[in-house]
Amino acid sequence: MAQKKQSEQVQNETDFPLYLYHHGKNDRIYEFLGAHKAKVKGENGYMFRVWAPHAKSVSVVGDFNGWDASKNVMYHMVDNEVFELFIPGLKQYDTYKYAVRTQDGRTLMKADPVGFHMETPPATASKLYDLDGYAWGDKEYIKSISSRNIFASAMNIYEVNLLSWKRHDDGNYYSYRDLARELVPYVKEMGYTHVEFMPITEFPFEGSWGYQVTGYFSVTSRMGTPHDLMYLIDEFHKAGIGVIFDWVPAHFPKDAQGLYEFDGQPLYESSQWDRMEHKSWGTRRFDYGRNEVLSFLISDACFFFDKYHVDGLRVDAVASMLYLDYDKRDGEWVPNIYGENKNLEAIAFLRRLNEAVFLRFPYALMIAEESTAWGLVTKPGSVGGLGFNFKWNMGWMNDVLSYVSLNPYFRMNNHSKLTFSMMYAFSENYVLPISHDEVVHGKCSLINKMPGTYEEKFAGVRSFLVYMMAHPGKKLNFMGYEFGQFKEWDYHEGLDFFLRDQYELHGKLSVYVKDLNEFYKNNPALYEVEDSWDGFEWLAVDDADRNTVAFIRRDKKGNEIIALINFSGAPSKDYLLGVNEKGKYKVIFSSDDVKYGGEGLLKKKTYTTVKRPSHGKQFSLAMDIPKLTGMYLVKQPDAPAKTDTAKASKRAAKAAK
């Protein structure tokens, strides 16, 4: 009788989670699927649960039973789709897999889809791990971000590949705790507000950079344990730095241990012939029309906020989910019920994903890497949007990198690549990304994109960064740009930090980026109003002949900073910069400063307006601007009017009588 009551209790405890799971509304499947510590009939062990509706049978196998599928056979739960088994006596770090017996008689050895830890590749088994028990120290940080307005806050993201930021002398990876000792203070010192980790959920093939995931709930064991990663994130938070994960819900690889045809036939992937694969990537696409897959993916997103305290997710390859004809030719795809190329199930998934995340974690950053002109990406689902709060501005990225890669002689015919982004800058909440994708596969590193001599390349980077930091939108740059790494990023090895330490211009560029980052954070005019023209005004928008742009950025109080950038390969003599008000203007930051590697040709720091019209303004500043130079100027307060003290005293005495 006692055994029956216990069985009924377990069943009742799992009925509701299973009900939600099968209806696509369980965002906590990691609390009952997978392997969890349990105590049954007085014995300590682990409870295993796995979804495999097409399987003939499922067994738990591991070192503890000699990998024998005839032992530890799992039982169906009440839904007849989820298998369950309690195994006593197991301990943390024991390895295991599910031996899935298919309807056609095959036995598939699968890692746990909701496992929390895995063996280090090339090994592929799951490992028992209890996520509880880490003592977080970021309470004050979480409290501070819960009340902020992220849209009106500085956001300057340092994108990093944890496996190749630095390596030990013997080529081994830095551990999560090594990174806590070195990466955290580096990011803090350089003045960034956030870091973004390229994917660190478990993946077998290093050449995929983590974008082919086999362990969606398992962070890679190459650098340590889940608690070690928690420690790294905790240290970032204690330093006031936000942490963003790159997350991959668009596709998964065909590795035998992964989600691929998990129970012998399409399960996590779509079974429709035109939606099953990303052929050019060699991967399978998730089935966004299947409720259990929705619960899986939405739970995975919430999992990292819940268990790892991440600040946000950068959602990879959103465009590949939205379009049925993405990377397909005519005849390779089937239109939706309206005869369109929109993936209606994926659209619904993205809306539900963002709703679920923001419901539980209102402070979350949900950032779409969406490379097309799809509308309303950062607007709520209630008005037809996708519900993200930020989107990568890929159009801006392509335009400006194309522009700065040109010889300055040819830039005049491409001036619109600097200015066109302002035609749509307020249509979404944008992040300006110069990411890892732009410094690989022959595209050159950022500094090596710049034309000209060795010195001109550095000047080109400095002037570009002045423009980028003042352009509306949050900022993201990939590691290595900050000290001018010339070679492309190579995931096999660490960055060339010796350049910064041994070569003058590289060291000065590092100082420049640090100071520019601090300048950005300390001046709300550069980030506070990014959703309307209230925070931006063109001064010089069409000065193509001189490759020059100038504009004003404003904060909510009306404080202004003028950005002026000369992208020409020649100095601009007696340049007339139109301004709104008469008075004195001071250069408060210049990329030509000698301490940053500039030539120091901008000798004058304060300019007084002259009554010569320019750029549609009545007053102008007459300036000599060095080539490839960017600067910020502010208007100085007007001096108080002079008065004759003696006469004023007499008038006061007379008035008193």
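The model shown is predicted, which means the values in this text are computed figures rather than measured ones.

Parameters at a glance
For every chain, the first residue of the written sequence is number 1, and numbering continues from 1 along that sequence. Totals for whole chains, interfaces and linings use all residues, but because this is a predicted model, local features are given only for residues with pLDDT of at least 70 and pairs of side-chain atoms are given and counted only at 80 or more. With hydrogens and water stripped out, all remaining heavy atoms of the structure feed into the side-chain values. Helix numbering and strand numbering both begin at the N terminus, where a helix is a DSSP run of H or I of at least 4 residues and a strand a DSSP run of E of at least 2. We take the radius of gyration over the C-alpha atoms and set the globule estimate at 2.2 Å times the residue count to the 0.38 power. Burial classes: relative accessible area under 20% of the type maximum marks a residue as buried, over 50% as exposed, and values in between as partly exposed (1.4 Å probe, protein chains only). Whether two residues touch is decided by their heavy atoms; if any such pair falls within 4.5 Å, the residues are in contact. Surface accessibility in these figures is a Shrake-Rupley result with a 1.4 Å probe; residues are shielded only by whichever protein chains are displayed. The convention is simple: Lys and Arg are positive, Asp and Glu are negative, and His and the chain ends are not counted. By convention, the point assigned to a charge is CZ for Arg, NZ for Lys, CD for Glu and CG for Asp. Between the rings of Phe, Tyr and Trp (Trp by its six-membered ring), a pair exists once the centres lie within 6.5 Å; its type follows the angle of the planes, with under 30 degrees stacked, over 60 edge-to-face, and the other angles tilted. Any two strands between which DSSP finds at least two bridges are classified as paired. Joining through side-chain atoms within 4.5 Å is the link that ties buried Ala, Val, Leu, Ile, Met, Phe, Trp, Tyr and Cys residues into a set, and such a set is a nonpolar core. Within this analysis, patches are made of residues with over 30% relative accessible area and no salt bridge. Like charges are joined at 9 Å or less; nonpolar side chains (Val, Leu, Ile, Met, Phe, Trp, Tyr) at 5 Å or less. Here, a salt bridge means any Lys or Arg side-chain nitrogen found within 4 Å of an Asp or Glu carboxyl oxygen.

With respect to the overall build of the protein chain
Okay, so step 1: Scanning the protein chain from terminus to terminus reveals 15 helices and 29 strands.
Okay, so step 2: Computed over C-alpha atoms, the radius of gyration of the protein chain comes to 29 Å, within 12% of the 26 Å expected from 2.2 N^0.38 for 657 residues, which places it in the range of a compact globule.
Okay, so step 3: For the C-alpha atoms alone, the extent of the protein chain along its principal axes is close to 105 × 70 × 60 Å.
Okay, so step 4: Of all 657 residues assigned to the protein chain, the portion counted as buried reaches 58%.
Okay, so step 5: Restricting the contact set of the protein chain to residue pairs at least 6 apart, pairs at least 24 apart contribute 72%.
Okay, so step 6: Accessible surface, the protein chain as shown: approximately 27,000 Å² in total, 51% of it carbon and sulfur.
Okay, so step 7: Averaging the locations of the 79 positively and 86 negatively charged side chains of the protein chain gives two centres separated by 8 Å.

Observations regarding the packing of aromatic side chains
Okay, so step 1: Under the criterion given, the structure shown has 60 aromatic pairs.
Okay, so step 2: Ring centres of F478 and W489 lie 5.3 Å apart, and the angle between their planes is 75°; on these two criteria the pair is classed as edge-to-face. Highlighted residues: F478 in strand β21 (residues 474-478) and W489 in the loop between β21 and α13 (498-502), separated in sequence by 11 residues. For the pair F478 and W489, a shared accessibility class is recorded, and that class is buried.

Describing the environment of N413
Okay, so step 1: For N413, the location among the structural elements is in the loop between α9 (408-411) and α10 (416-419).
Okay, so step 2: Judged by its relative accessible area of 63%, N413 falls in the exposed class.
Okay, so step 3: Note: C-alpha distance between N413 and Y403 (10 residues apart in sequence) is 9.8 Å.

Let's talk about the sheet that holds strand β2 (residues 43-51)
Okay, so step 1: On the basis of which strands lie adjacent, the open sheet formed by 4 strands has the order β1-β2-β5-β4 and antiparallel pairing. A single partner strand is all that each edge strand has here, and the edge strands are β1 (34-40) and β4 (75-76).
Okay, so step 2: Looking at chain direction, β2 and strand β5 (residues 82-88) are connected through 7 bridges and run antiparallel. In the sheet register, Y46 faces β5, and the bridge partner there is I87.

Focus: the nonpolar core
Okay, so step 1: Grouped together as the largest cluster of nonpolar side chains are 187 residues, with contacts concentrated most on F48, Y158, F197 and F464.
Okay, so step 2: Formed by 19 residues, the second largest nonpolar core is a distinct cluster that contains L539, L621, M631 and L633.

A closer look at the pairing of β21
Okay, so step 1: Extensive coverage of β21 is indicated by the burial of 5 of its 5 residues.
Okay, so step 2: Residues K474, L476 and F478 of β21 are buried on one face, and the alternating residues K475 and N477, pointing to the opposite face, are buried as well.
Okay, so step 3: Bridging between strand β9 (residues 156-160) and β21 involves 4 bridges; their strand directions are parallel. Bridged to N156 within β21 is K475.
Okay, so step 4: The pairing of strand β20 (residues 430-434) with β21 spans 4 bridges and is classified as parallel. Paired with I434 across the bridge in β21 is N477.

Some remarks on a nonpolar patch on the surface
Okay, so step 1: A grouping of I337, Y338 and L344 is seen on the molecular surface, where their side chains present a nonpolar patch of about 360 Å² in accessible area.
Okay, so step 2: If you trace the backbone, L344 turns up in helix α7 (residues 344-360).

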